[in-house]
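Report on the structure
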Amino acid sequence: MSVTNAIIRISNLRLRTYIGFNPEERTKQQDVVINVEIHHRAAAPALERDEVGAALDYKVISKAIIAHVEEGSFLLLEKLVHDLLGICTAHHSVSKASVTVDKPHALRFADSVSLTLEW
């Protein structure tokens, strides 16, 4: 067996960022909860020979997501999710990806508002 489809999931990554366009949202960081699913080709060197360099490094991806969110400021949830999807699909072995960002307490009577984009 030389190539296998693999799925990496990063679940409930909780971060804080400036998100929203209302005046109070521009001055105070808010919580966001991020869920990622990345489909990729896992090759023989990673699967059969345990070669670290041949694997898709989810730690590198999660660090890039964290840096982008914590250092950024976003008017729209759409922009944030689009940017994160770009981070998740940057590696050549990725065949499909999905990113969902929840904005807890965005609406008074809802637990959260979320947006999902797929590539």
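Residues numbered from 1 in each chain as written. Predicted model: local features only at pLDDT ≥ 70, side-chain atom pairs only at ≥ 80, totals over all residues. Heavy atoms only, no water.

Considerations on the environment of Tyr18
Take Tyr18: it is sitting in strand β1 (residues 3-19). Residue Tyr18 is classed as partly exposed on the basis of its relative accessible area, which comes to 29%. Residues Tyr18 and Gln30, twelve residues apart in the sequence, show an inter-C-alpha distance of 6.1 Å. Look past the residues within four positions of Tyr18 in its chain and what remains in contact with it is Glu25, Arg26, Thr27, Lys28, Gln29, Gly72, Ser73 and Phe74. (Helix = DSSP H or I, 4+ residues; strand = E, 2+ residues; numbered from the N terminus. Buried < 20%, exposed > 50% of the residue type's maximum accessible area, 1.4 Å probe, protein only. Contact = heavy atoms within 4.5 Å.)

Examining a nonpolar patch on the surface
Taken together, Phe21, Leu75 and Leu76 make up a surface patch of nonpolar side chains, about 320 Å² in accessible area. Along the chain, Phe21 turns up in the loop between β1 and α1 (23-27). (Patch = residues over 30% accessible without salt bridge, like charges linked within 9 Å, V, L, I, M, F, W, Y side chains within 5 Å. Areas by Shrake-Rupley, 256 points an atom, 1.4 Å probe, with all protein chains shown as cover. Salt bridge = Lys/Arg side-chain N within 4 Å of Asp/Glu carboxyl O.)

Considering helix α3 (residues 58-71)
For α3, built from 14 residues, the straight-helix expectation of 20 Å at 1.5 Å per residue is met to within 8% by its first-to-last C-alpha distance of 20 Å. Within the span of α3, buried status applies to Ile61, Ser62, Ile65 and Val69. Buried positions in α3, seen along its axis, are confined to an arc of 95° and lie on one side of it. Opposite the buried face of α3, at more than 90 degrees from it, the exposed residues are Lys59, Lys63 and Glu71. Two to three positions downstream of the cap, the backbone nitrogen of Lys59 sits 3.0 Å from a side-chain oxygen, assigning the N-cap of α3 to Asp57. (Expected span 1.5 Å × (residues − 1). Arc of directions from axis to C-beta. Polar contact = N/O pair within 3.5 Å; in protein donor to acceptor, adjacent residues only side chain to side chain.)

Digging into the pattern of salt bridges
In the structure shown here, the tally under the stated rule is four salt bridges. The closest approach of N and O atoms between Arg9 and Glu37, which form a salt bridge, is 3.0 Å. Of this pair, Arg9 sits in strand β1 while Glu37 sits in strand β2 (residues 30-43), and the two are 28 residues apart along the sequence. We classify Arg9 as exposed; its relative accessible area is 55%. Accessibility expressed as a relative area gives 24% for Glu37, which makes it partly exposed.

Observations concerning the confidence of the model for the chain
Atom-level detail of predicted coordinates should not be read off regions where pLDDT is low. Chain-level pLDDT for the chain is 91 on average; 90% of the residues reach the 70-or-more range. The secondary structure element of the chain with the lowest average pLDDT is helix α2 (residues 44-47), at 66, and the one with the highest is helix α4 (residues 77-88), at 98. (pLDDT = per-residue confidence, 0-100.)

Quick notes on the nonpolar core
Ile34, Ile65, Val99 and Val101 are the most contacted members of the largest nonpolar core, which totals 24 residues. The residues touching Ile65, leaving out its near neighbours within four places in the chain, are Leu13, Leu15, Ile34, Val36, Leu84, Ile87 and Cys88. (Core = buried A, V, L, I, M, F, W, Y, C linked by side-chain atoms within 4.5 Å.)

Some points on unusual backbone geometry
Residues other than glycine seldom take positive phi values, yet Asn12 does so here, at roughly 55°. The phi dihedral of His105 falls on the positive side, at around 65°, and the residue is not glycine. Looking at where His105 falls in the secondary structure, it is placed in the loop between β4 (94-104) and β5 (112-118).

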